[in-house]
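# A look at the structure
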Amino acid sequence: MEEEYSVDPVLLLEAASDFAHHPGSHSDTSTQEFLTRFPLPAIISTLQTKADYPGLENALVDCLERVFKTKYGASLIPHYMPFVVVGLGADSQKVRCLACKTVSFLMKNTDKRIASQLVLQHDVYPLLLSCLIDGDEQVATASMDAIESLAGYPEGMGIVFSASNNEATHLGNLAMRCSSLGRVRVLALIVRLFSISSSVASEISKSNLLKILEAEVINTDDTLVTLSVLELLYELAEVQHSTEFLSRTSLLQLLSSIISNGSAESILRSRAMMIAGRLLSKENAFSFIDESSFRAVLSAIDRRFEFLESIEADECECALEALGQIGSSFQGATLLLSTSPPAARHVVSAAFDQQRHSKQLAALHALGNIAGEIRTENVVFNGNAEENLKRMIYEKASNTSKLTPSGLLLSVLQQDSEIRLAGYRLITGLVARPWCLMEIVSRQEIIDIVTDTFTETKKIGMEARHKCCEAIYKALTPSTKLISDPAFTGIAAKLQEAIKRGPYLARKHTEAQPVVMTADRF
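Residues numbered from 1 in each chain as written. Predicted model: local features only at pLDDT ≥ 70, side-chain atom pairs only at ≥ 80, totals over all residues. Heavy atoms only, no water.

Glancing now at the overall build of the chain. The helix and strand tally for the chain stands at 33 helices and zero strands. A compact globule built from 522 residues would reach a C-alpha radius of gyration of about 24 Å, whereas the chain, at 30 Å, exceeds it by more than 25%. Taken along its principal axes, the extent of the C-alpha atoms in the chain is 95 × 75 × 45 Å. The proportion of buried residues among the 522 residues of the chain is 54%. If you sum the accessible surface of the chain, you get close to 24,700 Å²; carbon and sulfur atoms cover 51% of it. Charged side chains in the chain number 49 positive and 62 negative. The centres of these two groups are separated by 8 Å. (Helix = DSSP H or I, 4+ residues; strand = E, 2+ residues; numbered from the N terminus. Rg over C-alpha atoms; globule rule 2.2 N^0.38 Å. Buried < 20%, exposed > 50% of the residue type's maximum accessible area, 1.4 Å probe, protein only. Areas by Shrake-Rupley, 256 points an atom, 1.4 Å probe, with all protein chains shown as cover. Lys, Arg positive; Asp, Glu negative; His and termini not counted. Charge placed at Lys NZ, Arg CZ, Asp CG, Glu CD.)

Of note, Ser-207 is situated in the loop between helix 14 (198–206) and helix 15 (210–218). Looking at Ser-207, the relative accessible area reads 12%, which means it is buried.

Taken as a whole and judged by the stated rule, the model has 22 salt bridges. Lys-101 is the salt-bridge partner of Glu-65, the closest N and O atoms lying 3.3 Å from each other. With Glu-65 in helix 4 (residues 56–69) and Lys-101 in helix 7 (residues 93–109), the pair connects residues that are 36 residues apart, well separated along the chain. Given the relative accessible area of 27%, Lys-101 is considered partly exposed. The partner of Asp-448 in a salt bridge is Lys-494, with the nearest N and O atoms 2.6 Å apart. Of this pair, Asp-448 sits in helix 30 (residues 444–451) while Lys-494 is found in helix 33 (residues 486–501), placing the two residues 46 residues apart along the sequence. (Salt bridge = Lys/Arg side-chain N within 4 Å of Asp/Glu carboxyl O.)

Looking at where Met-273 falls in the secondary structure, it is placed in helix 19 (residues 266–280). When the C-alpha positions of Met-273 and Leu-255 are compared, they lie 7.3 Å apart, and in sequence the two are 18 residues distant. Not counting chain neighbours up to four residues away, the residues in contact with Met-273 comprise Ile-259, Ile-301, Arg-304, Glu-315, Cys-318, Ala-319 and Ala-322. (Contact = heavy atoms within 4.5 Å.)

Looking now at helix 6 (residues 81–88). Along an α-helix, a turn takes 3.6 residues, which lines up residues three or four apart on a common side. Here helix 6 has its buried residues at Met-81, Val-84, Gly-87 and Leu-88. Across the axial projection of helix 6, the buried residues extend over an arc of 110°, all falling on one side. Check the buried side of helix 6 and you find it contacts helix 7, helix 8 (112–121) and helix 9 (124–134). (Arc of directions from axis to C-beta.)

For the bond running from Ser-340 to Pro-341, omega is -5°, close enough to zero to count as cis. By secondary structure assignment, the location of Pro-341 is in the loop between helix 23 (330–338) and helix 24 (345–351). One non-glycine residue, Asp-123, lies in the positive phi region at around 55°.

Attention shifts here to the packing of helix 22 (residues 313–326) against helix 25 (residues 357–371). The N-to-C vectors of helix 22 and helix 25 enclose an angle of 10°; their axes lie 8 Å apart at closest approach. In terms of orientation, helix 22 and helix 25 fall into the roughly parallel class. Taking contact as the criterion, the partners of Cys-316, Glu-317, Leu-320, Leu-323, Gly-324 and Gln-325 in helix 22 are, on helix 25, Ser-358, Lys-359, Ala-362, Ala-363, Ala-366, Asn-369 and Ile-370. Tallied by class, residues from the contact of helix 22 with helix 25 come to seven nonpolar, four polar and two charged. (Axes fitted to C-alpha atoms, helices over the stretch in contact; angles between N-to-C directions. Parallel < 35°, antiparallel > 145°, perpendicular 65-115°, else oblique. Nonpolar A, V, L, I, M, F, W, Y, C, P; charged D, E, K, R; others polar.)

What follows is about the nonpolar core. Among the nonpolar cores identified, the biggest contains 182 residues, and Leu-171 and Leu-193 are the most heavily contacted of them. Beyond its immediate stretch of four places on either side in the chain, Leu-171 contacts Tyr-125, Leu-129, Val-186, Leu-189, Ile-190, Leu-193, Leu-209 and Ile-212. (Core = buried A, V, L, I, M, F, W, Y, C linked by side-chain atoms within 4.5 Å.)

Here we take up the packing of helix 6 against helix 7. Interhelical geometry of helix 6 versus helix 7 gives an angle of 135° and a closest axis separation of 7 Å. Classified by the angle between their axes, helix 6 and helix 7 sit oblique to one another. In this structure, helix 6 crosses over helix 7, and the sense of that crossing is left-handed. Of the residues in helix 7, those touching helix 6 at Met-81, Val-84, Gly-87 and Leu-88 are Val-95, Arg-96, Ala-99, Cys-100, Thr-102, Val-103 and Leu-106. (Left-handed = near helix turned anticlockwise from the far one by under 90°.)

Another point: the packing of aromatic side chains. The geometry of an aromatic ring pair comes down to the distance between the two centres and the angle between the two planes. Under the criterion given, the structure shown has seven aromatic pairs. Centre to centre, the rings of Tyr-80 and Phe-83 are 5.9 Å apart; their planes meet at 35°, and the pair counts as tilted. Classification of Tyr-80 by relative accessible area gives buried; the value is 14%. Through pairs of rings, three or more aromatic residues link up here, namely Phe-19, Phe-34 and Phe-38. A cation over an aromatic ring shows up here: Lys-112 above the ring of Tyr-153, its NZ or CZ 4.9 Å from the ring centre. (Phe/Tyr/Trp six-rings, centres within 6.5 Å; stacked < 30°, edge-to-face > 60°. Lys NZ or Arg CZ within 6 Å of the ring centre and 35° of its normal.)

Following this line, the structure appears as structure tokens:
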């Protein structure tokens, strides 16, 4: 490896450019043939000594990335780790980015135990952290990918998660020493690592790294940093196992505090609502989070509606969407309908208010979640929750010119395609209830719309309409009283026919038709 290699930079530039821009993936054979012409030490030496040659650095970096992507190229990486180390500390951002990607290729294509030993032996991890903090955006992303690939295996977890909290590479200590940008990047890395698996999330929890996220939420000195951290928490809340570990922190209390803080930026309250909604939407949320925490969040969101005149449009829609997310689970929906007064009343009120399109759209989707459109079981509630849902919808109808729930639902289906889509979802959830079924089948206009295969032109709308047909028919057929009534027999047949045609087939028989017309004359 110490042998001097000399190569004509003009020839190498041309060959490297051709290799880098070759369409499709390179095979091991083509890679081996290229490296036979231009040995890897020669390419690396040229990259180190002649990087100022016009266009050469870019061509060689792109070429080496394509080389190391192949299995043959990746098999050579363990023999060139010193060059990887040099690359991680290079002045060139492109070279640093390549070195970070090379570590990822190493982890992907090499025995994990051997790859982890090489990373440890050559002290690569601290250099990856430096790239994360000091590199440009591409370098930071590449280093994050490399660290994620390292932490994804038991052999690498011991490198990423230090046994001692006093080590310089401990992510908590690193975040404390960084600039605001570097700190956000470290926090983004923690979120990425958390999403790998429950075992990695457990290491993060034991290392108290989630406390750093909490501390940044509490720190209101820099609104942009706080907003960035809230965005990261929103990603974190989407992870399947997030509820288990975040329930051990004070995050929900912090979110409730932000939502309740009238002097905070509206965008911060909005993001806090969305995080809380996503976190509490999971079916296992009640297994880890006590009901008092649920109620505290609902109370905080509920109080924001008291300032409806001053509340910003985006914040109002986020509040409705958050309630809808919480209501997507059976227990969450039950709680929304059981509080006194029910927090779901804001959703019902906004769902049939045509004064503001985006607000109504958010509310309709939220009410569809609460009604059970996305739940495969436990659609209908027990006791007070079900009674409150029925009462609120009838009260809303009685206070409008529509007078009945069927009138409200029909008015929704007569609006634009976005509102209709939300209306289909709402009916799909509500129709499992006998009172709503009667409202729908007694209104022929509703049946006509949901069975009309010409109504929708977009795939998502066609599928929602068809699912709505299926839900109405499923609720109607078990009712022997209704199905035997001559007035409803035709409706059942019409629904069944629409279901058989499927969501996309607009006509019963679609055939090519000849078109005859006079020729254009010029």
